[in-house]
Amino acid sequence: MAETFRQWVLAKPLEGSLEPSHFELREVPLPEPAPGQALVRVLLANIHSATRKRMAAGGTKVGSTDSTNFACAVVVKSRDPVFNEGDVIHCQAGWQEYQLVSSTDAAVGYPAVSELVKTANGTSSPFLYAFRPALVKMWSPSVLMNVLGTSGLTAYFGLRECGPLMPRDQVAVAGTSGSVGSIAAQLAKIAGSRVIGFAGGADRCGWIVDTLEIDDCIDYKADDLDAELQSRFPQGIDFFSDGVGGRVTEAVLKRLNMNGRMFSYGSAASLYGESPAAGAPAPTIRRMMGISEEVEEILRRRNIKAEAWMVTDFAHERLKAEDDLSRLMFAGRLKPVTNLVEGFEKLPEAVAGLYRAGRSGKLQVQFGTL
Ligand SMILES: NC(=O)c1ccc[n+]([C@@H]2O[C@H](COP(=O)([O-])OP(=O)(O)OC[C@H]3O[C@@H](n4cnc5c(N)ncnc54)[C@H](OP(=O)(O)O)[C@@H]3O)[C@@H](O)[C@H]2O)c1
């Protein structure tokens, strides 16, 4: 085994647009795991849409890697009683080739977990666990970290908690080309509902309808979004999956039916805006997901059930979700949509490129194989 490994660190404070020059390559000594730790070799890093915001807000420090990143890795040396050499795991690992993990460590950037999650994962983090060997045999690291990772689980629990969806339901899915939206739209279609997505531009809309096999897609950049919604949803909207916020949310809310349902899980519009919104953290998770006091009033008046949460709230039910999603993929009914970049050296360009138009699915950088 080599004595050093590579990592990308933030080279300078982020002001203005994110460029590859904001990353610096370092070569650092390979650590030995202490008792209670395991050394893992990172195969693939998921790049989250909030990466740039965290860099701009100082969450990722100059000279450091982003240690909140989710990754798929293989255990190469273990002195941790939970992990064995050769285990393929989900972990938080930074932009680097190796990482030390410990089953007793809490997740970086997230609150302490419940006893239920500890029992399900055998660790103190919702993001640190060994994938079951059968899943590792069936699915690539990319699929494990996308459909069977936080994106798939967010879509799965969102539709379950706000459901059940019925064939008569008119469903609007924001961020349909995105990692969560692409899965939510397919799950709603599998439930038999009429599903209409949103994307930035006619080409992307065409791609979405062809790829996800949903009923239609609306260009969210259209001048008169209200008129677009009126013509595509003549019976109104029964269910809204929203990871975006902003203009799309405002327009959909106007057409949400009495007794409708809304699942708010994110705010991609602000994360992909010209500059990521700074400012004080939102006081509640509902405000964080863009459910303002005015929106609450609309929801109350129309008796709309609106849920907003972090997927970690359902981490203790991960195995059931993995089984159901895996079965749907195996049957060819659910397709992973990923944006897979290969090569450690390409990571800076891939992260900076995430904030230019044209992305689809989960951005992942792969730099190792099993
Ligand atoms: N609650 C949770 O536990 C949880 C879990 C996962 C993710 N999230 C959050 O959910 C959000 C989406 O995550 P993701 O991983 O699905 O993101 P993603 O893969 O980056 O996709 C984002 C989507 O948003 C669309 N979009 C960007 N700007 C837009 C705008 N101004 N108006 C309308 N649509 C716009 C993009 O469509 P185009 O490319 O066509 O522009 C893209 O499809 C993020 O805020 C993320 O932090 C929350």
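What you see is a predicted model; the values in this text were computed from it and never measured.

Rules of the game
For every chain, the first residue of the written sequence is number 1, and numbering continues from 1 onward in sequence order. Given that the model is predicted, a residue must reach a pLDDT of at least 70 before its local features are reported, and side-chain atom pairs must reach 80 or more before they are shown or counted; all residues, however, enter totals for whole chains, interfaces and linings. The secondary structure listing takes helices from DSSP runs of H or I that are at least 4 residues long and strands from runs of E that are at least 2 residues long, numbered from the N terminus. Comment: burial labels come from other C-beta atoms within 10 Å of the residue's own C-beta, placed from the backbone, where a count of 20 or more is buried, 12 or fewer is exposed, and between is partly exposed. Using the backbone to place each C-beta atom, any residue with that atom within 6 Å of a molecule or strand is considered near it. Domain ranges listed in this record stem from an automatic or a database domain assignment. Any helix carries an expected span of 1.5 Å times its number of residues minus one. When we speak of the arc, we mean the arc of directions from the helix axis to the C-beta atoms. Each residue is represented by a C-beta atom placed from its backbone, and any two residues with such atoms within 7 Å are regarded as in contact. Put simply, a nonpolar core is a cluster of buried Ala, Val, Leu, Ile, Met, Phe, Trp, Tyr and Cys residues tied together by C-beta atoms within 7 Å. Only strands joined by at least two bridges in the DSSP assignment are considered to pair.

**Q** Explain the overall build of the protein chain to me, and be specific about the residues and the numbers.
**A** Scanning the protein chain from N- to C-terminus turns up 14 helices and 15 strands. With the principal axes as the frame, the protein chain shows a C-alpha extent of 65 × 45 × 40 Å. Burial statistics for the protein chain: of 370 residues in total, 49% are counted as buried.

**Q** So what about the site of the ligand? Which residues, and what values?
**A** Surveying the vicinity of the ligand reveals 32 residues, the closest of which are Gly175, Gly178, Gly200, Gly266 and Ala268. Among the elements of the structure, α5 (150–162), α6 (179–190), β9 (194–199) and α10 (268–271) are those that each provide at least two residues to the shell around the ligand. Of the domains in this structure, domain 1 (4–146 + 337–366) and domain 2 (150–311) are the two that each give at least three residues to the shell around the ligand.

**Q** Describe helix α13 (residues 318–330), and please don't skip the residues or the numbers.
**A** Here α13 is 13 residues long and its end C-alpha atoms lie 18 Å apart, about the 18 Å a rise of 1.5 Å per residue gives. Those residues of α13 that fall on the buried side of the exposure criterion are Arg318, Ala321, Glu322, Leu325 and Ser326. For α13, the buried positions fall inside an angular range of 125 degrees around the axis, keeping them on one side. Of the exposed residues in α13, those oriented more than 90 degrees away from the buried face are Lys320, Arg327 and Phe330. Structurally, α13 contributes buried residues whose contacts are with α2 (115–121), α3 (133–138) and α5. Taken from the residues just after α13, glycine 332 is the one with a positive phi, measuring 75 degrees.

**Q** Account for the nonpolar core, with residues named and values stated.
**A** Among the nonpolar cores identified, the biggest contains 107 residues, and Val40 and Ile89 are the most heavily contacted of them. Ranked by the residues each element gives to this core, the list is headed by strand β3 (residues 38–47), at eight residues. Contacts of isoleucine 89, omitting those with residues within four sequence positions, involve Val40, Ala73, Val75, Phe83, Leu128, Tyr129, Ala130 and Phe131.

**Q** So what's going on with the pairing of strand β5 (residues 88–92)? Residues and values would help.
**A** Here β5 lies mainly inside the structure; five of its five residues are buried. The pairing of strand β4 (residues 70–78) with β5 spans five bridges and is antiparallel. Its bridge partner lying in β5, valine 74 is registered against valine 88. One ladder, built from two bridges, connects β5 with strand β7 (residues 129–130); its direction is antiparallel. Paired with histidine 90 across the bridge in β7 is tyrosine 129.

**Q** Residues and numbers for the pairing of β3, please.
**A** Burial within β3 is extensive, with nine of its 10 residues counted as buried. Direction of pairing for β3 relative to β4: antiparallel, over a ladder of seven bridges. Paired with alanine 38 across the bridge in β4 is serine 78. As defined by bridge partners, β3 adjoins strand β6 (residues 98–101) across four bridges and the pair is classed as antiparallel. Bridge pairing links valine 40 to glutamine 99 in β6. Across four bridges, the pairing between β3 and strand β15 (residues 362–366) is antiparallel. For alanine 45, the partnering residue across the bridge sits in β15 and is valine 365.

**Q** How would you summarise the domain arrangement of the protein chain if you had to cite specific residues and measurements?
**A** Accessible area lost during the coming together of the parts is what is often quoted as the interface size. Here the domain parsing of the protein chain yields domain 1 (4–146 + 337–366) and domain 2 (150–311). Between domain 1 and domain 2, the C-alpha centre-to-centre distance is 28 Å. Opposite the 14 residues of domain 1 that make contact, domain 2 presents 13 residues. No other element matches the three residues that helix α1 (residues 51–56) contributes to the side of domain 1 that touches domain 2.

**Q** Please provide a residue-by-residue account of the environment of alanine 38, values included.
**A** Locating alanine 38 in the fold gives a position in strand β3. Between the alpha carbons of alanine 38 and lysine 77 there is a distance of 5.7 Å; along the sequence they are 39 residues apart.

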